[in-house]
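So you can see what is in the structure, the chains are spelled out below.
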Amino acid sequence: MSKNNSHRLIIFPLILIMTMMLSACDLQALQKIQLPQNIDLSKIFSSLPTPSPVVINETTSNSKNANEVEITFKVQIPVNTPDSQSVLLKIMEEVTGLAFNASRYEMNTEGNYQYTYTLSVPIGSIIKYRYARVSANNEFQEHISDNRQVRYRLLYANAPMVVEDVVSRWTDTPFEGKTGRIIGNVIDASTKLPIPNILVDCGGVQTLTSSDGSFLIEGLLPGVDNLVAYALDGSYQTFQQGAKVAVDSTTPAEIALQPAKMVGVVFVAKLPQNTIPAVPIRVAGNLYQLGNTFADLNGGISAIASRMPVLGLLPDGRYSINIALPAGADVHYLYTLGDGFWNTEIKNEGQPNVRHFIVPDKDTMIEDTVTDWSMKSARPISFDVTVPDNTPKDDFISIQFKPIYGWTEPIPMWRLGDKRWGFILNYPLDFANQLHFRVCRNNDCSAADASDTAGMDNPGLVMNAITTTTPIKVTVPSWVWMNQSSQVELITPDVTPRDEGFVSGIEFQPIYNPSYNQNFPYIIDTVQYLSSNWLVLTPTWTFTRQSPAVFEIVPGADPLWLDMGEWLREITDRGISTAIFPQPKFPAAPSEWWSTATRDFSWWQVWFEHYRNFAIYHADLATQNNANALILGGDWLSPAYPDGKLTDGTSSGVPADAEGRWRLLIQEIKTHFKGPLFWAITPEQAKSPPAFLNAVDGIYLLWSEPMIEETESIGTVDINKIAAEKLDKIALPLHDHFNKAILLGVSYPSAAGVETGCIKDENNACVLWDDLVQPKLNSVSVKIDLQTQVNLYNALFNAVNSRTWIGGLVSRGFYPQSALIDPSASVHGKPAGDLLSYWFSNLLAENEE
């Protein structure tokens, strides 16, 4: 694994260097990087080197130098493994994506389903690896006992060692055996405080620590496994030790991590002469701050362009950036004009030039020379895209590529003018005869697409990556979900201002995309345009197992602790109050998940413990990031409430002491978060509300109530009167019974039939409102009705305006990434958003004077 990269390290006590630096999160600064208006991409294209044959020589070295250590990997494979097949040790590279550029080593058989291989690696390296077996042209990956594929195992190569592993099962073989688990805690060795967001790996099973430092690794085979604790940003030194697991038993593990010293690292890169001026030069790496999401994103990519640091131009023509990195961290990185896979720098033999160094304990300058962006045997392809006139001025345009195996992550294009965007694809180009591509808005492919390539399953536009020799010019005919077919009437009545405690809020749809970090300043601009004084964030956790229930953060699907910290700081800096309303993600419909779960006493014990971790995590997150409120609850929790019922009316089997459990949990939450705690319930739950609601500070009433019967027409009834009557019937008794503040969380899709509670599809069947969200909407056919969404909001505002016992109104389901005129509940870019802006600004008018 020796790496012969062209870079030089210079270590000195103090760095004094003037450099222009661009943050990958600074979208506005990035968009100001413009090529000349009259640029001719075909001229740039023709100036590139003429293709010539390349001979690639592959050599293998078995030599070991003084900076390397020998690691012997021993693995026991399942006895149901087919005979006469090779077993591979795969060293994974997360910078380019785990699906690409793995180093494969055929292991030596020792008999009795055991294999070994000895490898020399740089001392101090973090080795990410997994096992596979090969049959004919097929490669089968190892999986853990619950059938999920192993992302990678972790090994800290700090000394010569022998590591012994056991494969649970392969892609094509069932798991046979019994398992145990490890439960532990991770603390700071200096402060003794718990550390959240630490990646813990054992036996190929990975999890992240909760806010109290706790972790659970379920489904481990019996024996001794290598237990590794790793900080995603390298802020703590890596911990490693053996952990013995027994069948049906729990192994405790207490881990204390030493904080890493942060040092300044200046990356200086000399680029090839054919590098296009004024386009973003990024550095992609294996740490969080270098763009790594620690997730398997679209197409197997892990490091995405929108999260990577952008280098600035120096007076001498080189590029540079100064980044704080932890001393001792094993850093893998490369320079790129795209992301970790597309448009990376390459070696002479045509492979991505992933560089590697261990961060010294002093400020450091690294001087690199990028040899080339493209192979001489493959000519770069340029794209010139013209977008419609109605493209929002603050949007940026992205390009997405689809090789044979599927769509990869979108990459921001380069602004050429008001309506023109460009991109040149240099690498890789020689792996497929055909390459598909499409463009979208704001990295939001599959939702904010061009109308001719819309949807998750759309194949996009096709080109031949080998024979294409001319610039590809694309004119986007229109954007999907951007056409408003009819005028909408906004009625703006007189408004009685409320006191400064009134909540005029926006609640985000509970979805997550790692590219949000780049878009977040623009997203907050949009919220402020709506005159909102509160923003409700809806971070998610995912149920990854059902029996026993395991509820945890899945990178890429759920926001990390570090992500949430960035967002909350940005919101606070803008003067907006924040509430955190965490949400679950289920592998199936929640009702189906509950009905098929074991739900015996031991199952409920585990479930309540995991929900406690979920609640305390977000209470700690709120406290440490100065959030103003915490919201828990929701319709999904009904089976866990006292006398809980499933959707079919049968008992959920919740323990008889459920009331006491919830009260104790609320008490504990309040020791972690001193701000107001609201509990979310639906009107259906409000018919028989749990008694423990008297222990919280307020009620968040999730409001999607139908206003009329299906046989009625909204134009023939007094919808304002109906809204007022429904609030008095449903919300007022809650207020009077519990004497708690009532916040109204409103969600009305802009779809025909919403006023009746039945939104019908092309088959005249009522659709689930949970399906009226992006990107699911591309597979749902319902009629958009913007006017009724406006009318329903107006009716509720009128009713709230005369009811001082209602402490605020929050618009739920806001889709943050792009303005879309779709049938979802989001008001982003819709007339209902303009109505909210009117009401919010007037309700808060006296407080702004």
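Bear in mind the structure is a predicted one, so any value in this text is a computation, not a measurement.

Analysis parameters
Residues numbered from 1 in each chain as written. Predicted model: local features only at pLDDT ≥ 70, side-chain atom pairs only at ≥ 80, totals over all residues. Heavy atoms only, no water. Helix = DSSP H or I, 4+ residues; strand = E, 2+ residues; numbered from the N terminus. Rg over C-alpha atoms; globule rule 2.2 N^0.38 Å. Buried < 20%, exposed > 50% of the residue type's maximum accessible area, 1.4 Å probe, protein only. Contact = heavy atoms within 4.5 Å. Areas by Shrake-Rupley, 256 points an atom, 1.4 Å probe, with all protein chains shown as cover. Pairing = 2+ DSSP bridges. Salt bridge = Lys/Arg side-chain N within 4 Å of Asp/Glu carboxyl O. Axes fitted to C-alpha atoms, helices over the stretch in contact; angles between N-to-C directions. Phe/Tyr/Trp six-rings, centres within 6.5 Å; stacked < 30°, edge-to-face > 60°. Lys NZ or Arg CZ within 6 Å of the ring centre and 35° of its normal. Disulfide = S-S within 2.5 Å. Expected span 1.5 Å × (residues − 1). Polar contact = N/O pair within 3.5 Å; in protein donor to acceptor, adjacent residues only side chain to side chain. Core = buried A, V, L, I, M, F, W, Y, C linked by side-chain atoms within 4.5 Å.

(A) Inspection of the overall build of the protein chain at higher detail. Along the backbone of the protein chain there are 11 helices and 44 strands. Over its C-alpha trace the protein chain gives a radius of gyration of 28 Å, about what one expects of a compact globule, namely 29 Å for 849 residues. Across its three principal axes, the protein chain shows a C-alpha extent of roughly 80 × 70 × 55 Å. The burial tally for the protein chain puts 60% of its 849 residues in the buried class. Sequence separation of at least 24 residues holds for 76% of the intrachain contacts in the protein chain that already meet a minimum separation of 6. Element-wise, carbon and sulfur atoms account for 49% of the exposed surface of the protein chain, whose accessible area totals about 33700 Å².

(B) Region of interest: the sheet that holds strand E32 (residues 461–463). The four strands lie next to each other as E28-E27-E31-E32, forming an open sheet whose pairing is antiparallel. Only two strands of the sheet have a single neighbouring strand rather than two, namely strand E28 (411–412) and E32. Here two bridges tie strand E27 (residues 397–402) to E28, and the two strands are oriented antiparallel to one another. Bridge pairing in E28 places Ser 398 opposite Pro 412.

(C) Local environment of the pattern of salt bridges. Under the criterion given, the structure shown has 35 salt bridges. The closest approach of N and O atoms between Arg 104 and Glu 139, which form a salt bridge, is 2.9 Å. On the criterion of sequence distance, the pair formed by Arg 104 in strand E4 (residues 103–106) and Glu 139 in strand E8 (residues 138–143) is long-range, its members being 35 residues apart. Owing to a relative accessible area of 45%, Arg 104 belongs among the partly exposed residues under this scheme. Look at Glu 139 and you get partly exposed, because its relative accessible area is 28%. Residues joined in a network through salt bridges with shared partners are Glu 94, Lys 128, Arg 151 and Asp 296.

(D) Spatial organisation of the sheet that holds strand E2 (residues 68–76). Taken in spatial order, the four strands line up as E5-E6-E2-E10 in an open sheet, and their pairing is mixed. Only two strands of the sheet have a single neighbouring strand rather than two, namely strand E5 (108–111) and strand E10 (161–166). Averaged over neighbouring strand pairs, the angle between their axes works out to 30° when direction is ignored.

(E) Focus on the packing of aromatic side chains. Evaluated as defined, the whole model comprises 60 aromatic pairs. The interplanar angle of 50° and the centroid separation of 5.7 Å between the aromatic rings of Phe 100 and Tyr 405 together place this pair among those described as tilted. Of this pair, Phe 100 sits in the loop between strand E3 (86–91) and E4 while Tyr 405 sits in the loop between E27 and E28; the two residues are 305 residues apart in sequence, bridging distant segments of the chain. Owing to a relative accessible area of 43%, Tyr 405 belongs among the partly exposed residues under this scheme. Both rings, one in Trp 561 and one in Tyr 617, keep their centres 5.1 Å apart while their planes meet at 75°; by these two values the pair is edge-to-face. Of the two residues, Trp 561 sits in helix H4 (residues 561–573) while Tyr 617 sits in helix H6 (residues 601–624), which places them 56 residues apart along the sequence. Like Tyr 617, Trp 561 is buried. The side chain of Arg 438 reaches across the aromatic face of Trp 407, ending 4.4 Å from its centre.

(F) Broad picture of unusual backbone geometry. Here Tyr 427 and Pro 428 are connected by a cis peptide whose omega angle stands at -10°. Structurally, the position occupied by Pro 428 is in the loop between strand E30 (420–425) and strand E31 (435–441). Across the junction of Ser 547 and Pro 548, the peptide omega takes the value 0°, indicating a cis bond. If you check the backbone angles, Asn 147 has positive phi at about 85° while not being a glycine. Structurally, the position occupied by Asn 147 is in the loop between E8 and strand E9 (153–157).

(G) A look at the state of the cysteines. As enumerated under the stated definition, the model contains two disulfides in all. The disulfide bridge from Cys 440 ends at Cys 445, spanning 2.0 Å between sulfur atoms. Judged by the torsion about the S-S bond (-75°), the Cys 440/Cys 445 disulfide is left-handed. We note that Cys 440, like Cys 445, is buried. Between the sulfur atoms of Cys 758 and its disulfide mate Cys 766 the distance is 1.7 Å. Between Cys 758 and Cys 766 the sulfur-sulfur dihedral comes to about -90°; the bridge is accordingly left-handed.

(H) Highlighting the environment of Asn 353. Within the secondary structure layout, Asn 353 lies in the loop between strand E23 (330–336) and strand E24 (355–358). On the basis of relative accessible area, Asn 353 is assigned to the buried category, the value being 6%. Separated by 19 residues in sequence, Asn 353 and Asp 372 have C-alpha atoms that sit 9.6 Å apart.

(I) Up close: helix H10 (residues 786–801). A rise of 1.5 Å per residue sets the reference length of H10, with its 16 residues, at 22 Å; its end C-alpha atoms lie 23 Å apart and thus fit the reference within 8%. In terms of burial, H10 is largely enclosed, as 13 of its 16 residues are buried. The backbone nitrogen of Gln 787 lies 3.3 Å from a side-chain oxygen of the residue at the head of H10, namely Asp 785.

(J) View of the side chain of Asp 146. Along the chain, Asp 146 falls in the loop between E8 and E9. Only 2.8 Å separates the side chain of Asp 146 from the side chain of Arg 148, close enough to count as a polar contact. Excluding residues within four positions of it along the chain, Asp 146 makes contact with Thr 544 and Arg 545.

(K) Inspection of H4 at higher detail. A rise of 1.5 Å per residue sets the reference length of H4, with its 13 residues, at 18 Å; its end C-alpha atoms lie 18 Å apart and thus fit the reference within 8%. Turning to H4, its buried residues number three or more, namely Trp 561, Asp 563, Met 564, Gly 565, Trp 567, Leu 568 and Ile 571. Contacts made by the buried residues of H4 are with helix H3 (516–529), strand E35 (534–537), strand E38 (577–580) and H6. Looking one or two residues past H4, Gly 575 carries a phi angle of roughly 80°, positive in sign.

(L) Summary view of the side chain of Gln 85. Position of Gln 85 among the secondary structure elements: in the loop between E2 and E3. At 2.4 Å, the side chain of Gln 85 forms a polar contact with the side chain of Arg 133. Polar contacts involving the side chain of Gln 85 include one to the side chain of Ser 135, which spans 3.3 Å. In this structure, Gln 85 is in contact with Tyr 115, Arg 133, Val 134 and Ser 135, ignoring residues within four places of it in sequence.

(M) Representation of the nonpolar core in the model. In this structure, Phe 383, Trp 607, Tyr 611, Trp 662 and Trp 679 are the most contacted members of the largest nonpolar core, which totals 196 residues. Counting residues per element, this core draws most heavily on H6, at 12 residues. Judged by nonpolar contacts, the second largest core, of 23 residues, contains Ile 91, Tyr 105, Ile 127 and Val 163.

(N) Spotlight on the environment of Glu 164. Tracing the backbone through its elements, the reader meets Glu 164 in strand E10. Of the residues examined, Glu 164 reaches a relative accessible area of 53% and is grouped as exposed. Separated by 312 residues in sequence, Glu 164 and Val 476 have C-alpha atoms that sit 55 Å apart. Setting aside residues up to four positions removed in sequence, Glu 164 forms contacts with Lys 74 and Val 224.

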